[in-house]
Amino acid sequence: MSEGRSGTGSTSAPTVLRMILGRRLQERRQGAGASLEDAARALRVKPLTIRRLEKAEVGLKPLYVEKLLQTYGADQQEIDEFVDLAERANEPGWWHTYRDVLPNWFSGYVSLETGAKTLRTYESHYVTGLLQTPQYARGVLRGGFPNDSDEDLQRRVDLRLRRQGLLERSDAPTLWVVMEEAVLHRVVGDLEVMRGQIDRLLEVTALEHVSVDIVPFTAGAHVGACAPFTYFRFEEPELPDIVYSEILSGAMYLDQRSDVAAHLEAHNRMSLLTSDAVSRALLHRMRKEYS
């Protein structure tokens, strides 16, 4: 996944394991002193194909992996282990069963979300998907996909709720949400739906691995008054930090250090504009307004 790459294309989104193996292939090639052209000659393909393999932009064919590792001087044990991992990496993620309602450019997001150790997100319009109640999620998705059939809409809701299961895992990632007070004022569904959603936010603030910071209107203009984004950090050293930013018709996945650092700094700065006490007070106040 490269800096500035739009997610609007038709190639299948890579799983995190495929991204890891792509990085390892690149490191193995460079460690052997082989160029992209050398690797391409071994497979009788163009250098661009090798680059796409290393960037996880295409599937890892076991025969290609085996031939490349032989070219790089790997022993048979390493080759066998790598080929086994490559076969696993090509298996579709659980979200593949929702491909009829899951845009290709968002498949990458679900894969990153599933494999991340830390997630930081900024939301200016809605409660982040991982913390939405079923009723709130239905309202948001109905607004975003007004032409959906009831069946398709329910599948979108089911997908969103299934994603939330990662917060209940024994190895659950850390989730740090910063969102605007405006989110609490945007009525999704009806008053009962909003009360239920605020109750959910109050509930998750008690979890050690979840933080919810609400930037009050009184904070004024600030660095994050822009498009929502999510920052991913992974436990695996092969993977860089990645930022996801969504637009109307697609998404951008950024991994250049300067871009990632800018978003991380923005998240840090916004979190300093509020506090746990202020955030909980806003939630309780809005809970009363929706009573």
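Placed above this text is the structure.
The structure presented is a predicted model; accordingly, all values stated were derived computationally and were not measured.

## Concerning the environment of F234
Tracing the backbone through its elements, the reader meets F234 in the loop between β5 (229–233) and β6 (242–247). For F234, a relative accessible area of 7% translates into the label buried. Sequence spacing of F234 and E81 is 153 residues, and the spatial spacing of their C-alpha atoms is 22 Å. Ignoring anything within four residues of it in the chain, the contact list for F234 reads V16, L112, G115, A116, K117, L239, P240 and I242.

## Describing unusual backbone geometry
Residues other than glycine seldom take positive phi values, yet R44 does so here, at roughly 60 degrees. Looking at the secondary structure, you find R44 in the loop between α2 (36–43) and α3 (47–54).

## Things to note about a negative patch on the surface
Among the surface-exposed residues, D75, D80, E81, D84, E87 and E91 lie close enough to one another that they form a single negatively charged patch. You can see E91 is positioned in the loop between α5 (76–89) and α6 (104–115).

## Regarding α5
Between its first and last C-alpha, α5 extends 20 Å over 14 residues, near the 20 Å set by a 1.5 Å rise per residue. Listed in full, the buried residues belonging to α5 are I79, F82, V83, A86 and A89. Each buried residue of α5 lies within a common arc of 120 degrees when the element is viewed along its axis, so the set occupies one face. Packing partners of the buried residues in α5 comprise α1 (16–31) and α4 (62–71).

## Overview of the pairing of strand β7 (residues 250–254)
Summarising burial for β7: 4 of the 5 residues are buried, a large majority. Where β6 and β7 come together, 5 bridges link them in antiparallel fashion. The residue of β7 that forms the bridge with S245 is M252.

## Section: the side chain of S111
For S111, the location among the structural elements is in helix α6. For S111, a relative accessible area of 3% gives the class buried. Within the structure, S111 has its side chain in polar contact with the backbone nitrogen of V16 (distance 3.0 Å).

Calculation rules
- Residues numbered from 1 in each chain as written.
- Predicted model: local features only at pLDDT ≥ 70, side-chain atom pairs only at ≥ 80, totals over all residues.
- Heavy atoms only, no water.
- Helix = DSSP H or I, 4+ residues; strand = E, 2+ residues; numbered from the N terminus.
- Buried < 20%, exposed > 50% of the residue type's maximum accessible area, 1.4 Å probe, protein only.
- Contact = heavy atoms within 4.5 Å.
- Patch = residues over 30% accessible without salt bridge, like charges linked within 9 Å, V, L, I, M, F, W, Y side chains within 5 Å.
- Areas by Shrake-Rupley, 256 points an atom, 1.4 Å probe, with all protein chains shown as cover.
- Salt bridge = Lys/Arg side-chain N within 4 Å of Asp/Glu carboxyl O.
- Lys, Arg positive; Asp, Glu negative; His and termini not counted.
- Charge placed at Lys NZ, Arg CZ, Asp CG, Glu CD.
- Expected span 1.5 Å × (residues − 1).
- Arc of directions from axis to C-beta.
- Pairing = 2+ DSSP bridges.
- Polar contact = N/O pair within 3.5 Å; in protein donor to acceptor, adjacent residues only side chain to side chain.

The values reported here are purely geometric and, on their own, carry no functional implication.
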